[in-house]
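If you want the building blocks of each chain, they are given just below.
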Amino acid sequence: MDKRELQEKAREVRKLIIRSLNAAGSGHPGGSLSAADMVTALYFDEMNIDPAEPDMKGRDKFILSKGHAGPAQYAALALRGYFPQEDLMTLRKMGSKFQGHPNMHYVPGIEMSTGSLGQGFSVACGMAQAEKIDGSDARIYTLLGDGELQEGMIWEAAMSAAHYGLDNLVALIDHNGLQIDGKNDDVMKVNPVGDKFAAFGWNVINIDGHDFDQICDAFEKARNCKGKPTAIVAETIKGKGVSFMEGQAGWHGKAPDDEQTRQALEELDR
Amino acid sequence: MTEKIATRQAYGEILRELGEEYGNLIVMDADLSGSTKTAEFAKLYPERFFNMGIAEQNLYAQAAGLALSGKIVCASTFAMFATGRAYEIIRNSIGYTSANVKICATHAGITVGEDGASHQTFEDISLMRNIPGMTVINPSDAVAAKKLIRQAVEMDGPCYVRLGRAAVPVFYGEEDDVVLGKGNQVRDGGDLTIIATGIMVSAAVEAAEELKNKGIDARIIDIHTIKPIDEEIIIKAASETGKIVTAEEHSIIGGLGDAVAQVVVKNHPVPMAFVGQKDVFGESGKPDQLLEKYGMTSSDIVKAAETLI
């Protein structure tokens, strides 16, 4: 898919994020919007997947380690044809398949139930190890928040992925610089993120996480890197695409009301 | 004299057999492979063994990743660190996902001995049985350990297998049935029932001999599968013997005693007494000295039984 088409898809993903969160009345728009372009690139360009056969053997897998960005993953899966878009209007409601954080047993295309930060990354390492054992060339992608990097087990996993040379593993870091209580740098400094992964033995690629050329190029470089896992450190803007949410920690975990939703959708349609 | 073998030794031996039978069996450890006995598997199947270093949270989450990719995973370290340090990972990445991981943890309870309180866990059964869908197994000897670990590997879904450091008497024969989810009546008796698990089953056998000398005829049941628990055998014991003593090398809070009491109170209430670690930490010492000081010997079972008579 070319850059223009990916941008269009990402616009649709963002609109669906906003609509589903408005319907839910709670949830996490900021980190869903900052991750939206990377998630779009994965589902519409990069990964070898088949919506008609979600459990296809040899498929690539995506683990959303920052599970609170579930609305972005749900939206991409819906637009990719895994289930109808309107199903997402049940998000976070009693009886819905679409839990506040993704559940792999309810939703086709979800490979791992996540939500508790730090764990999805380790699970992705285990999945990458399994593909290696089987001699498969499937690739494992995982998306982490920058605040999530404060979890100690992240670095246990980073150490092990390099130790076992998991070059079929790509970790995308959604580096929007914000977390619930404010800036990463004020709450608990995680910078320099890239240097940390490099010191642990990873291939590190720094990109603009909203530029599809750079995102797709990074995936290509990761594929060509042998013997090391790749960390793509993506500079992003929390709330990207909705002016009043951009760069605001306050929009980490708050749903837009009807008026804010109307305004957001109007901006996204421009 | 009865032969003594540690249940962790049996784990090492059965892994070698299972490794040959199951090409998709993966074994993982956290720098304790010599102690947990997974090193024996590692020697035979190095391509299916992963040492994850001293990093238990990552160990159990990666075990989930491997299991969700079609592998059967036996992931080992000391029970303290498996169920304590990695608890929430086991809960969310193994329990919540129903991942096919067998948490085979060794050095449980006070018989860890000289290493002391930091390494002696009495909370593990309680923590694991609280996780929905988790099967909890506590073998009483080496024969039972082999039979139950085989069944754990054969079933689909998460299991916790509690294993010990110290050599303990072997009283099951190879011909005996030890079936997951089914309690074993080790001795018949009509005056009261001792329901024991793990190494306390052999203590219960000794206790029954002492009680016999005092004219008390005790039934003994080995509950090696604490979850799902064999309700039928417990209800039958309550109704036929009218008194129950539970015995475990674990805290009296949240372990076998509580699990049995729930069945008894709901179905056929009878007086009960509880032998186990009494809400205190342990200390360094020889296993036998510690069992005596903290009240988990055959004579403690006898005393508990006498309070009910």
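Residues numbered from 1 in each chain as written. Chains lettered and ligands numbered in written order. Predicted model: local features only at pLDDT ≥ 70, side-chain atom pairs only at ≥ 80, totals over all residues. Heavy atoms only, no water.

### With respect to the overall build of chain A
In terms of helices and strands, chain A carries 9 helices and 7 strands. Scaling as 2.2 N^0.38, a compact globule of 270 residues should have a C-alpha radius of gyration of about 18 Å, and chain A matches this with 17 Å. In terms of its C-alpha atoms, chain A occupies a principal-axis envelope of roughly 50 × 45 × 35 Å. By the burial criterion, 60% of the 270 residues in chain A qualify as buried. In chain A, the proportion of contacts linking residues at least 24 apart, taken out of those at least 6 apart, comes to 75%. For chain A, the accessible surface area stands at approximately 10,200 Å², while carbon and sulfur atoms represent 46% of it. (Helix = DSSP H or I, 4+ residues; strand = E, 2+ residues; numbered from the N terminus. Rg over C-alpha atoms; globule rule 2.2 N^0.38 Å. Buried < 20%, exposed > 50% of the residue type's maximum accessible area, 1.4 Å probe, protein only. Contact = heavy atoms within 4.5 Å. Areas by Shrake-Rupley, 256 points an atom, 1.4 Å probe, with all protein chains shown as cover.)

### Focus on the interface of chain B and chain A
Each partner contributes residues to the interface: chain B has 23 residues there, and chain A has 22 residues. A buried area of about 1,900 Å², summed over both sides, lies between chain B and chain A, and 56% of it is on carbon and sulfur atoms. In this structure, the connection of chain B to chain A is made through 1 salt bridge. Close ionic contact of D134(A) with K71(B) constitutes a salt bridge, the shortest N to O distance being 2.4 Å. Joining chain B to chain A, the criterion identifies 12 residue pairs in polar contact (both at pLDDT 80 or more). (Buried area = accessible area lost by both parts, 1.4 Å probe. Salt bridge = Lys/Arg side-chain N within 4 Å of Asp/Glu carboxyl O. Polar contact = N/O pair within 3.5 Å; in protein donor to acceptor, adjacent residues only side chain to side chain.)

### Quick notes on the sheet that holds strand β4 (residues 72–76) of chain B
All names here are of chain B. With mixed pairing, 7 strands are arranged side by side in an open sheet as β3-β2-β4-β5-β7-β6-β12. Pairing within the sheet leaves two strands with one partner each, and these edge strands are β3 (49–51) and β12 (225–227). Strand-to-strand, the axes of this sheet are offset by a mean angle of 20°, without reference to chain direction. The pairing of strand β6 (residues 135–137) with strand β7 (residues 159–162) spans 3 bridges and is classified as parallel. By the bridge assignment for β7, T135 is matched with C159. Helix-sheet contacts for helix α4 (residues 56–67) involve β2 (25–29), β4 and β5 (101–105), and the interaxial angle to β4 is about 170°. (Pairing = 2+ DSSP bridges. Axes fitted to C-alpha atoms, helices over the stretch in contact; angles between N-to-C directions.)

### Observations concerning the domain arrangement of chain B
Residues and elements named next belong to chain B. Segmenting chain B into domains produces domain 1 (4–169) and domain 2 (184–308). Taken over C-alpha atoms, the centre of domain 1 sits 25 Å from the centre of domain 2. On the domain 2 side, the residues contacting the 31 residues of domain 1 number 32 residues. When domain 1 packs against domain 2, the two sides together hide about 2,400 Å² of surface, and 57% of this comes from carbon and sulfur. (Domains from an automatic or database assignment.)

### Topic: helix α11 (residues 256–267) of chain B
All names here are of chain B. Over its 12 residues, α11 runs 17 Å from end to end, which matches the ideal 16 Å to within 8%, given 1.5 Å per residue. Among all positions in α11, only L256, G257, A259, V260, A261, V263 and V264 are buried. Elements in contact with the buried residues of α11: α7 (124–129), β10 (192–196), β12, α10 (231–241), β13 (244–251) and β14 (272–277). (Expected span 1.5 Å × (residues − 1).)

### Thoughts on the environment of T83(B)
Checked against the element boundaries, T83(B) lands in helix α5 (residues 79–85). A distance of 2.8 Å separates a polar atom in the side chain of T83(B) from the backbone oxygen of A79(B).

### Details of the packing of aromatic side chains
If you walk through the whole model with that rule in mind, you get 14 aromatic pairs over all chains. With a centroid separation of 6.5 Å and an interplanar angle of 70°, the aromatic rings of F121(A) and F197(A) are classed as edge-to-face. With a gap of 76 residues between them, F121(A) in helix α4 (residues 119–133) and F197(A) in helix α7 (residues 193–199) connect regions that are remote in the sequence. Both residues of the pair, F121(A) and F197(A), belong to the buried class. Plain terms: the ring middles of F171(B) and Y172(B) are 4.8 Å apart, the flat faces sit at 35° to each other, and that makes the pair tilted. An aromatic cluster is defined as three or more aromatic residues linked by ring pairs; in this entry it consists of F121(A), W155(A), F197(A), F200(A) and W202(A). The residue whose ring lies beneath K254(A) is W251(A), and the NZ or CZ to ring-centre distance is 4.4 Å. Over the face of the ring belonging to Y45(B) we find R48(B), whose NZ or CZ atom lies 4.5 Å from the ring centre. (Phe/Tyr/Trp six-rings, centres within 6.5 Å; stacked < 30°, edge-to-face > 60°. Lys NZ or Arg CZ within 6 Å of the ring centre and 35° of its normal.)

### Some details on the environment of I234(B)
Residues and elements named next belong to chain B. Structurally, the position occupied by I234 is in helix α10. Sequence-wise, I234 and Y22 are 212 residues apart; in three dimensions their C-alpha atoms are separated by 35 Å. Excluding its chain neighbours within four sequence positions, the residues that come into contact with I234 are I195, I223, I229, I244, V260, V263 and V264.

### Things to note about the state of the cysteines
As enumerated under the stated definition, the model contains 0 disulfides over all chains in all. C225(A) carries a free sulfur, and the closest cysteine sulfur to it, the one in C125(A), is 15 Å from it. Left without a disulfide partner, C74(B) is nearest to the cysteine sulfur of C104(B), which lies 4.3 Å away. (Disulfide = S-S within 2.5 Å.)

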